[in-house]
Amino acid sequence: MTVSVSAPADSASSVDVDPVPPIAGSWHPWRWVVAAVALVLVAQFAHGLITNPGWDWATFAQYFTAKSVLAALWVTIELTLWGAGLGFGLGLLIAIGRMSTNPVLRVIAWTYIWAFRSIPLIVQLLFWFNIAYLYQRLSLGIPFGPGFIDFEVNGVISGFSAAVIGLALHQAAYSAELIRAGLQSVDEGQLEAAAALGIPRWRQFRTIVLPQAMRSILPNAANEVISLFKSTSIVSVMAIAELFYQVQVVFGRNGRVVPLLMVATVWYIILTTILSVVQHYVERYYAKGVGRQAVQPPWQRAKERCIAIANATAPRGATR
């Protein structure tokens, strides 16, 4: 027996559905008013930068790439590299000690972090710069016993070395807490599974904990490096010829304070921008596969916005 079933007359196949009209965005006039006011203020500031003779852009151009300024800039970069490298290396050891099951190591690590975060950086730098007042000579040997190597402190710890020591020890206290937070962000269940498989603790840390912890450590570490780069200007109190100290020397001779300060400012902005770009790509790399997208930088968002506007205003049939 054959049964035929006919579709009902009001089936979806016989009904014409009107297309859904696009949703029109609401008009927010005050946003455009605020944007217009902001653009006017930016235009006034830019006009002042160009027309105000007090900025003295001729002097700025004269000293921006001067040999003494570039040499001081390299000293600033060296201080940043040494301070960040040694600071994060020591911070890793302190973070491990802070998380250790040994109570002695935990107390020592906690005390170090507490002390170096409590003392201002300028005080630490001046302390290390004047360490020879406390210890004229140091020796290496058996604790509370005879020494095998004896040397003068002034002959080993120069002004640059004192600055590196102060920056590194100060940075280590903050890096330790940053690294500890990243290590603790790893799920404990993975460590329990690794222990159940008999994987040694050091291998657990190297192959399981550290790669995942880097996802949260590196973006924050980039912020710390940027902060350290700007903090190198404090070593000018130690008469070290870094960037800020050098421009002070120059405007102390010629009296052109503002253009020389702008020289230092623009160099700080340039190098901070480079570090920020590196930070963005590090964040984007370590955000892969975790269900979230890295925040786009302003220039990329502006580019996509301009392309969208161009496509919206283009005549039909034209391609952009």
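Since the structure is predicted, the reported quantities are computational estimates derived from the model, not experimental observations.

Asks: Kindly report on the overall build of the chain, identifying the contributing residues and their values.
Replies: Within the chain one finds 12 helices and two strands. Residues counted as buried form 29% of the 320 residues belonging to the chain. In the chain, once contacts between residues fewer than 6 apart in sequence are set aside, the share between residues at least 24 apart is 68%. For the chain, the exposed surface amounts to about 21500 Å²; the carbon and sulfur share of it is 65%.

Asks: How would you sum up the nonpolar core? Please name residues and give values.
Replies: Counting residues in each nonpolar core, the largest one holds 34 residues, and the members touching the most others are Leu79, Ile94, Tyr112, Leu167, Val235 and Met238. The element that contributes the greatest number of residues to this core is helix H7 (residues 159–184), accounting for 11 residues. Setting aside chain neighbours within four positions, we find Tyr112 in contact with Leu90, Ile94, Leu169, Ala172 and Ala173. Core analysis: the second largest hydrophobic core is formed by 18 residues, Phe229, Leu243, Leu260 and Leu271 among them.

Asks: Before we move on, could you go through the UniProt feature "transmembrane region" (unreviewed entry) in the chain and cite the residues and values that matter?
Replies: Residues annotated in UniProt with the feature "transmembrane region" (unreviewed entry) correspond here to residues 32–50, 70–95, 107–135, 155–174, 225–245 and 257–278. Secondary structure content for residues 70–95 is 100% helix and 0% strand, while the C-alpha to C-alpha distance between its ends is 36 Å. Along residues 257–278 one finds 100% helix and 0% strand; the C-alpha atoms at either end are 32 Å apart.

Asks: Tell me about the pattern of salt bridges, and name the residues and values.
Replies: This structure, assessed with the given rule, holds three salt bridges. A salt bridge links Asp56 to Arg256; the shortest N-O distance between them is 3.5 Å. Taken together, the residues Asp56 in the loop between helix H1 (29–51) and helix H2 (57–64) and Arg256 in the loop between helix H10 (243–254) and helix H11 (257–286) connect sequence positions 200 residues apart. Residue class for Arg256 comes out partly exposed when judged on its relative accessible area of 44%. One salt bridge in this structure joins Arg98 and Glu177, with 3.8 Å as the shortest N-O distance. Of this pair, Arg98 sits in helix H3 (residues 67–98) while Glu177 sits in helix H7, and the two are 79 residues apart along the sequence. The class of Glu177 is buried, set by a relative accessible area of 18%. Here the salt bridges do not stand alone but share partners, grouping Arg98, Glu177 and Arg180 into one network.

Asks: I'd like to hear about a nonpolar patch on the surface, residue by residue, with values.
Replies: Nonpolar side chains collect at one region of the surface, where Ile119, Ile122, Val123, Leu126 and Val237 lie side by side and expose about 360 Å² of accessible area between them. Residue Ile119 is classed as partly exposed on the basis of its relative accessible area of 38%.

Asks: Could you give an account of the side chain of Gln246, with specific residues and numbers?
Replies: Inspection of the secondary structure puts Gln246 in helix H10. Looking at Gln246, the relative accessible area reads 12%, which means it is buried. Aside from chain neighbours lying at most four places away, what touches Gln246 is Ser68, Val69, Ala72 and Ala241.

Conventions used here
- Residues numbered from 1 in each chain as written.
- Predicted model: local features only at pLDDT ≥ 70, side-chain atom pairs only at ≥ 80, totals over all residues.
- Heavy atoms only, no water.
- Helix = DSSP H or I, 4+ residues; strand = E, 2+ residues; numbered from the N terminus.
- Buried < 20%, exposed > 50% of the residue type's maximum accessible area, 1.4 Å probe, protein only.
- Contact = heavy atoms within 4.5 Å.
- Areas by Shrake-Rupley, 256 points an atom, 1.4 Å probe, with all protein chains shown as cover.
- Core = buried A, V, L, I, M, F, W, Y, C linked by side-chain atoms within 4.5 Å.
- UniProt positions renumbered as here; feature names shortened; annotations may be inferred.
- Salt bridge = Lys/Arg side-chain N within 4 Å of Asp/Glu carboxyl O.
- Patch = residues over 30% accessible without salt bridge, like charges linked within 9 Å, V, L, I, M, F, W, Y side chains within 5 Å.

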